[in-house]
Amino acid sequence: KSGSSASALILKNASDSQGTVQFGSTNNYKLQGGADYVGFNLLANGSQVLKVSTGGDVSFYEDTGTTAKFFWDASAESLGIGTSSPAYSLDVSTSNVLTSRIQSSAGETILELDNTATNGRRYMIISGGNSGSLSGGKFGVFDATAGATRLAIDSSGNVGIGTTSPVDKLQISTSGAGNPYIGF
């Protein structure tokens, strides 16, 4: 223990205000803090792995320890994946083909888009499985605000607007007087 606080463990270099905690005898893991670090850094085998700044920003680094690839901007409440300067609430950036996955083994996999502003709507993009509103492997757009499926594509490629069970390549159905139906 070094310092005057009785309620804290304080480790610091005697010549300055820096502190390093080393784990292992061969310099494998280090936790560094102090004025030069503006928060703390975690290093593994000499490469920076994690940095937490005093403002609450958190950076996780790629394997060489030089580039933050997963970054939380605390002041903007934004998450960057592949960027350390997210411009959006969730900002994903890559120089390669961007492939993302949302996977579920349940009856449906749903991506929900919810705009809570005045006149905003809640939509769901659904990949149907063995159960749910779009069962049988259908793909669809569901208007959760109205409680209605707006578009459905079945496993044969038939497209339904106003129906979840199209029988033609394009089927448009509406509810109301006479229940009009157009099929191609």
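Residues numbered from 1 in each chain as written. Predicted model: local features only at pLDDT ≥ 70, side-chain atom pairs only at ≥ 80, totals over all residues. Heavy atoms only, no water.

1. A look at unusual backbone geometry
Of note, the phi angle at Glu77 is positive, near 50 degrees, even though the residue is not glycine. Relative to the helices and strands, Glu77 resides in the loop between strand 6 (68–73) and strand 7 (78–81). Given the relative accessible area of 57%, Glu77 is considered exposed. Look at Asn119: it is not a glycine, yet its phi comes out positive at around 65 degrees. Among the structural elements, Asn119 can be located in the loop between strand 9 (108–114) and strand 10 (122–128). (Helix = DSSP H or I, 4+ residues; strand = E, 2+ residues; numbered from the N terminus. Buried < 20%, exposed > 50% of the residue type's maximum accessible area, 1.4 Å probe, protein only.)

2. A closer look at the pattern of salt bridges
Where charged atoms from two side chains of opposite charge approach closely, those side chains can pair. Throughout the structure, instances matching the rule amount to three salt bridges. Residue Arg122 pairs with Glu112 through a salt bridge whose shortest N-O separation is 3.4 Å. With a gap of 10 residues between them, Arg122 in strand 10 and Glu112 in strand 9 connect regions that are remote in the sequence. Its relative accessible area of 39% is what places Glu112 among the partly exposed residues. Here the residues in one salt-bridge network are Arg121, Asp143 and Arg150, joined through shared partners. (Salt bridge = Lys/Arg side-chain N within 4 Å of Asp/Glu carboxyl O.)

3. Regarding the pairing of strand 11 (residues 139–143)
Across five bridges, the pairing between strand 10 and strand 11 is antiparallel. Each residue of the ladder has a partner; that of Ser127, found in strand 11, is Phe139. Taken together, the five bridges between strand 11 and strand 12 (residues 148–153) define a ladder with antiparallel strand orientation. From the neighbouring strand, Phe142 faces strand 12, where its bridge partner is Thr149. Hairpin remark: strand 11 followed by strand 12, antiparallel, with four residues in the connecting loop; positive phi at Gly147, about 70 degrees. (Pairing = 2+ DSSP bridges.)

4. Here we look at the nonpolar core
If you look at the biggest cluster of nonpolar residues, it comprises six residues: Met124, Ile126, Leu134, Phe142, Ala144 and Ala152. Setting aside its immediate chain neighbours within four residues, Ala144 contacts Arg122, Tyr123 and Met124. (Core = buried A, V, L, I, M, F, W, Y, C linked by side-chain atoms within 4.5 Å. Contact = heavy atoms within 4.5 Å.)

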